[in-house]
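# Residue-level structural notes
One letter stands for each residue in the lines below.
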Amino acid sequence: VMSLLWQCAIVLAVVAASAANEDFNVDCEKHSIKVTWKVSPELVEHAARLFLGHCVPSTFSVLPTGEGMATFHYNLNGCDWQKHIYSTSLTYRPNRKPKPAAISHHIKCVYTRPEGWIPPFLIPAYGSAEGHGGLVFHMALLNEDLTGLAKSSLFPLGSFIPIWAAVDQKDHQPLLLLLEECVAATTPELQSASPVYPIITNKGCLADGKTGNSRFLPRYHSSAILLYLQSFKFALGEEVYIHCKLVAWDPEVFDIEKKACHYIKETGEWELLDDPSQSDLCKCCDSSCKPRLKRGVDSEPQGLVQNSVLGPLTIVENSENRIPSEFVKYPTVEQGW
């Protein structure tokens, strides 16, 4: 079988002066493209607004220099590629469309096709059908520096509990992971009479951030979210379970029911995590976030919601009140890491 020959052509269209310091590399592979983009420290907290076509980064990491490294690795039949020549744009969009991108690089892969070549998306059983199949959700406690799973489920009162949740995108269209509702309870299953402590309410409002200091951390990818939860007095010294409703959604569409809002005490206002310019969507957090017209249950996309439970964990009065190691229970990671 004759191999497919390829080469990359990169055309730069720099829209912002800051783009002069950007550094990126393009690898045109046989059935996919891999783009690595090193961005300035100022753009690290806005990683969810970096796009290759309509695709968000496959991975994003922070370098020792403070700069960020975004990696896009996708099949050629995705990310708004214009077929045959396979061209698209690498962009930073601080604002949603139709507002123009602040930084734009035009990316083009030119392929020399041997006689009889068949586009990969026409080959039977090539990859997975986009938008089909069930989604896999994850939820876990992280360690203090957010580099791995927590080694203990014991937290002093007032300390922070890093909670990570994500959805596997695989070959699915780009997804935004939201925490729609979260409560703490003393049982792994919620009962109608069970006392609960509200954490996230009102379709994505981090209520605990207004009474305490909890907040969402900047995203490293749209398909994952980090909740920096301050430990609370509810069920002090008892086993506590965190119950959350996880929702996978379109990263380009926010509304009062699909959002991630936290309270900024410095300004005394609610802020939309993914696009502060649309923080008006969070104003309902102090009242009721209900749409004008209630959609029917059957209109909700199937397979995009998962109820997950994390725990048990224990909150103690202070760091001196330690449980002997033989009694420490490690949290169960729902759906795997």
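Here's a quick rundown of the structure. This is a predicted model, so every value here is computed, not measured.

Gly311 connects to Pro312 through a cis peptide bond whose omega is 5°. Mapping Pro312 onto the fold places it in strand β20 (residues 305-316). Even without being a glycine, Lys203 presents a positive backbone phi close to 60°. Positive phi, close to 55°, is recorded for Ala235, a residue that is not glycine. Mapped onto the elements, Ala235 comes out in the loop between β16 (224-230) and β17 (239-249).

Turning our eyes to something else, we now look at the packing of aromatic side chains. The tally for this structure, following the rule as stated, stands at four aromatic pairs. Note on Phe160 and Tyr228: the rings are 4.6 Å apart at their centroids and 0° apart in plane angle, and the pair reads as stacked. With Phe160 in strand β11 (residues 160-167) and Tyr228 in strand β16, this pair connects stretches of sequence that are 68 residues apart. Among the aromatic residues, ring-to-ring pairing joins Tyr197, Phe232 and Phe234 into one connected group. In this structure, Lys258 packs its charged tip against the face of Trp249, placed 4.7 Å from the ring centre.

Right, let's get into the nonpolar core. The biggest cluster of nonpolar side chains holds 50 residues, and the ones touching the most others in it are Ile163, Leu179, Ile199, Phe216, Leu227 and Ile242. Residue contacts for Leu179: discarding those within four places in its chain leaves Ala165, Ile200, Gly204, Phe216, Ile225, Leu227, Cys244, Lys245 and Leu246. In terms of nonpolar packing, the next biggest core, distinct from the first, is built from 26 residues, Phe24, Ile33, Phe60 and Ala70 among them.

All right, on to the sheet that holds β11 then. On the basis of which strands lie adjacent, the open sheet formed by four strands has the order β9-β11-β16-β15 and antiparallel pairing. Edge positions in the sheet fall to β9 (137-141) and β15 (215-217), since each has one partner strand and no second. Here the strands of the sheet are splayed against their neighbours by 25° on average, with no regard to which way each runs. As paired strands, β15 and β16 are joined by three bridges and run antiparallel to one another. Bridge assignment links Arg215 to a residue of β16, and that residue is Tyr228.

All right, on to the state of the cysteines then. Across all of its chains, the model carries four disulfides by this definition. Each sulfur of the disulfide joining Cys182 and Cys244 lies 2.0 Å from the other. The chirality of the disulfide connecting Cys182 with Cys244 is right-handed, given an S-S dihedral of about 120°. Here Cys182 is found in strand β12 (residues 176-185), whereas its partner Cys244 is found in strand β17, with 62 residues between them in sequence.

The side chains of a regular strand alternate between both faces of the sheet. When you tally the buried positions in β12, you get nine out of ten residues, the bulk of the element. The sheet contact formed by β12 and strand β13 (residues 196-201) spans four bridges and is antiparallel. For Ala184, the partnering residue across the bridge sits in β13 and is Tyr197.

Quick notes on the rules
Position numbers for residues count from 1 along each chain, tracking the sequence in the order it is written. Selection of residues for local features in this predicted model requires a pLDDT of at least 70, selection of side-chain atom pairs for listing and counting requires 80 or more, and totals for whole chains, interfaces and linings are taken over all residues. For side-chain calculations, the full set of non-hydrogen atoms in the structure is used, while hydrogens and water are omitted. Strands here mean DSSP runs of E at least two residues long; helices mean DSSP runs of H or I at least four residues long; both are numbered from the N terminus. Classification of ring pairs uses Phe, Tyr and Trp, with its six-membered ring standing for Trp, and accepts pairs whose centres are within 6.5 Å; under 30 degrees between planes counts as stacked, over 60 as edge-to-face, and the remaining range as tilted. Throughout this description, the term charge over a ring refers to an Arg CZ or Lys NZ atom that lies within 6 Å of the ring centre and within 35 degrees of the ring normal. Working definition of a nonpolar core: buried Ala, Val, Leu, Ile, Met, Phe, Trp, Tyr and Cys residues. They are joined through side-chain atoms within 4.5 Å. We call a residue buried when its accessible area falls under 20% of the maximum for its residue type, exposed when it is over 50%, and partly exposed in between, using a 1.4 Å probe and counting protein chains only. Any two residues whose heavy atoms approach within 4.5 Å are treated as being in contact. We call two strands paired when DSSP finds no fewer than two bridges between them. Structural elements are reduced to axes, namely lines fitted to C-alpha atoms, with helices fitted over the stretch in contact, and the angle between N-to-C directions of any two is expressed from 0 to 180 degrees. Counting rule for disulfides: a pair of cysteine sulfur atoms within 2.5 Å.

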